[in-house]
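# Notes for the structure review
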Amino acid sequence: MAPLRQSFAGDAIAAARRLLGMVLVHGAHRARIVETEAYLGPHDLACHAAKGRTARTEVMFGPPGHAYVYLVYGMHHLLNVVTGPEGYPAAVLIRAAEPLTPNLPALDGPGKLGRALGIDRRLNAVDLCDPGSPLHLEPRDGPRPRIAAGPRIGVDYAGAWPHKPYRFMVAGSPHGSRPRLC
DNA sequence: TAAGTGATACGC
DNA sequence: CGTATCACTTAC
């Protein structure tokens, strides 16, 4: 398996950490990922896959390294990277990124990132490991960033799960999302 | 602190 | 069918 896809073939926590520092490319837009959240699988009550295999969650059951894009609150498109072995539904939410191209506003929240980069559900299921995809990832070029962890955001409905430290950030980055709980 | 927005999942 | 809920953001 190609090295980039291999980064996502393990569990969502490992993938969430490896995604930090990678560059997200959509057309002319480029942004460096600085904050991610892991959604571990069917047993994770905060993970959409806990609801079972549905039309929406179908892509999470597919191969790793593909996009899972969905609409929340009727207006925000959120981008996730499918992780885990094929058939095991898990994903990593991209929460914030550092703008690398001119004319990009702050990408300090998953909804703002989706809107600024022009991401919507038409990109659901695209292969993020294929440089030919309109939306794809580039491997991290620099050194491995120092990583900070904290609780996930916006999933208080999921019992004890929200308190687990499955949210990962590039330590000290000024480009993270607003609820800065660390 | 609350509204906005529409897909989704689930109950009937 | 109806309707409750939502991995968020922005304006009061």
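Residues numbered from 1 in each chain as written. Chains lettered and ligands numbered in written order. Predicted model: local features only at pLDDT ≥ 70, side-chain atom pairs only at ≥ 80, totals over all residues. Heavy atoms only, no water.

### A short note on the protein's contact with DNA strand C
- In the region of DNA strand C, 21 residues are neighbours, and His48, His76, Asn80, Gly111 and Tyr157 sit closest.
- For DNA strand C, the backbone makes up 54% of the atoms found within 4 Å of the protein, where backbone means sugar plus phosphate.
- Here alanine 46 contributes a backbone N or O atom positioned 3.4 Å from a base nitrogen of DNA strand C.
- A distance of 2.6 Å separates a phosphate oxygen of DNA strand C from a polar atom in the side chain of histidine 48. (Near = heavy atom within 4 Å. Polar contact = N/O pair within 3.5 Å; in protein donor to acceptor, adjacent residues only side chain to side chain.)

### Focus on the protein's contact with DNA strand B
- Close to DNA strand B lie Lys51, Thr54, Arg56, Tyr73, Gly74, Met75, His76 and Arg121, which account for all nearby residues.
- Atoms of DNA strand B within 4 Å of the protein: sugar and phosphate make up 61%, bases the balance.
- Here a base oxygen of DNA strand B sits 2.6 Å away from a polar atom, N or O, in the main chain of tyrosine 73.
- Across the surface near DNA strand B, the residue classes tally to two nonpolar, three polar and three charged. (Nonpolar A, V, L, I, M, F, W, Y, C, P; charged D, E, K, R; others polar.)

### Comments concerning the pattern of salt bridges
- Applying the stated criterion across every chain, the model contains 10 salt bridges.
- Between aspartate 141 and arginine 32 there is a salt bridge; the shortest N-O distance is 3.5 Å. One end of the pair, aspartate 141, is in the loop between strand E6 (135-138) and strand E7 (147-150); the other, arginine 32, is in strand E2 (residues 29-39), with 109 residues separating them in the sequence.
- Beyond isolated ion pairs, a larger network of salt bridges with shared partners links Glu35, Glu37, Arg95 and Arg167. (Salt bridge = Lys/Arg side-chain N within 4 Å of Asp/Glu carboxyl O. Helix = DSSP H or I, 4+ residues; strand = E, 2+ residues; numbered from the N terminus.)

### Focus on the state of the cysteines
- One pass over the full model with this rule turns up zero disulfides.
- The structure places no disulfide on cysteine 47, whose sulfur is separated from the nearest cysteine sulfur, that of cysteine 129, by 19 Å. (Disulfide = S-S within 2.5 Å.)

Shape is all these values report; function is a separate question.
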